[in-house]
Amino acid sequence: MEESGSEIKKPVVQHIRKYTVRQLLDGSAKDGDVVDLEDSVYRVFNKIRFNRNGVARTSRIVVFGSEGDSIKVTFWDRSADMIDAAMVQRKDRAIATNMKFMSEDMELQSTNSTFISRLMPAKSAVTDFSQLHRSEKNIDISGRILAVGQIRYFKNLSGKDSGVSDCTVTDGKIESRLVLWGSSSACSGEMHPGDYVKAEFVSVKNTENGIEITANDSARVLLGRKPI
């Protein structure tokens, strides 16, 4: 029997609301709220690995929404790796759950409970290289890897360590050189002939040897055993 005056405390249930980018930009959530975000993926950046206080960390930025109407989401560690594992790609409709909303910077940060998944996959990549034209920018390409070059390291204009590498990709008929700079070059160590690659937000130019595709720090490189 309960003692007189004692109270039974009910567990606090936190109700997480699902938002779109527009709802967050309109101020529907409060600073520090834990929310779910469902919207289109505008672009994905490569993972960045670094050490903080002797601890290895990984971060990755994904922008949800559309040009001029977007919100930045920073994924940390396990969540940063999850994006490639879930094959989340540019122009997909996706949902990221249990994200912390930072109203001052108008962005989201992943938590230990964050999960991301594709809801409506999009086919954004050019898979026929004959459709590539000189001076195209911010496009996506997908092909099969034929050969991979060695990564070369150098100091960039900011004095920081950077790298460059290249690979040969094909659409099954046409071969093209894919040049990888900065964070994109780090992916070359995981590339193998016969695998498939999708490079998002890349640029294209004509050279005397044919079409050349460039992926730099603004791009994203995704690898797979099957066509992407």
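Residue positions are given per chain, counting from 1 as you read along its sequence in written order. Reporting in this predicted model follows two pLDDT cut-offs: at least 70 for local features of residues, and 80 or more for side-chain atom pairs to be given and counted; totals over whole chains, interfaces and linings ignore these cut-offs and use all residues. Each side-chain value is worked out from all heavy atoms of the structure, with water and hydrogens disregarded.

(A) Structural view of the environment of G194. Under the DSSP-based scheme used, a helix requires at least four consecutive residues in state H or I and a strand at least two consecutive residues in state E, with every element numbered from the N terminus. Position of G194 among the secondary structure elements: in the loop between β11 (175-181) and β12 (196-207). Residues G194 and G159, spaced 35 residues apart in sequence, show a C-alpha to C-alpha distance of 36 Å. If we ignore the near neighbours within four places in the chain, the residues touching G194 are R144 and I145. By the convention used here, residues are in contact when the closest approach between their heavy atoms is within 4.5 Å.

(B) Region of interest: the pairing of strand β5 (residues 69-76). In the sheet, strand β4 (residues 55-66) pairs with β5 via 8 bridges, with the strands oriented antiparallel. Bridging across to β5, R60 finds its partner in F75. Connecting β4 to the antiparallel partner β5 that follows it, the hairpin turn spans 2 residues, and G68 within it adopts a positive phi of roughly 80°. Paired strands are those between which DSSP finds at least two bridges. Summarising the sheet, β5 and strand β7 (residues 107-120) pair through 3 bridges and their orientation is parallel. Pairing of T74 across the sheet is with Q109, part of β7.

(C) Layout of the nonpolar core. Among buried residues, those of type Ala, Val, Leu, Ile, Met, Phe, Trp, Tyr and Cys that are joined through side-chain atoms within 4.5 Å constitute a nonpolar core. Burial status follows relative accessibility: with a 1.4 Å probe on protein chains alone, a residue under 20% of its type maximum counts as buried, one over 50% as exposed, and anything between as partly exposed. Counting 23 residues, the largest nonpolar core has L24, L37, F64, F75, L108 and I116 as the members making the most contacts within it. Mapped by element, the contributors of at least two residues to this core are α1 (21-25), β2 (34-44), β4, β5, α2 (78-85), β6 (93-102) and β7. Setting aside its immediate chain neighbours within four residues, L24 contacts Y19, A29, L37, I71, F101, M106 and L108. Formed by 20 residues, the second largest nonpolar core is a distinct cluster that contains F129, I141, L178 and V202.

(D) Representation of the state of the cysteines. When the sulfur atoms of two cysteines come within 2.5 Å, that pair is taken as a disulfide. Within this structure, the stated rule accounts for 0 disulfides. Take C167: it sits in no disulfide, and the sulfur closest to it among the cysteines is that of C187, at 10 Å. You can call C167 buried: its relative accessible area is 1%. The class for C187 is buried, based on a relative accessible area of 14%.

Scope: geometric values only; no functional claims are made or implied.
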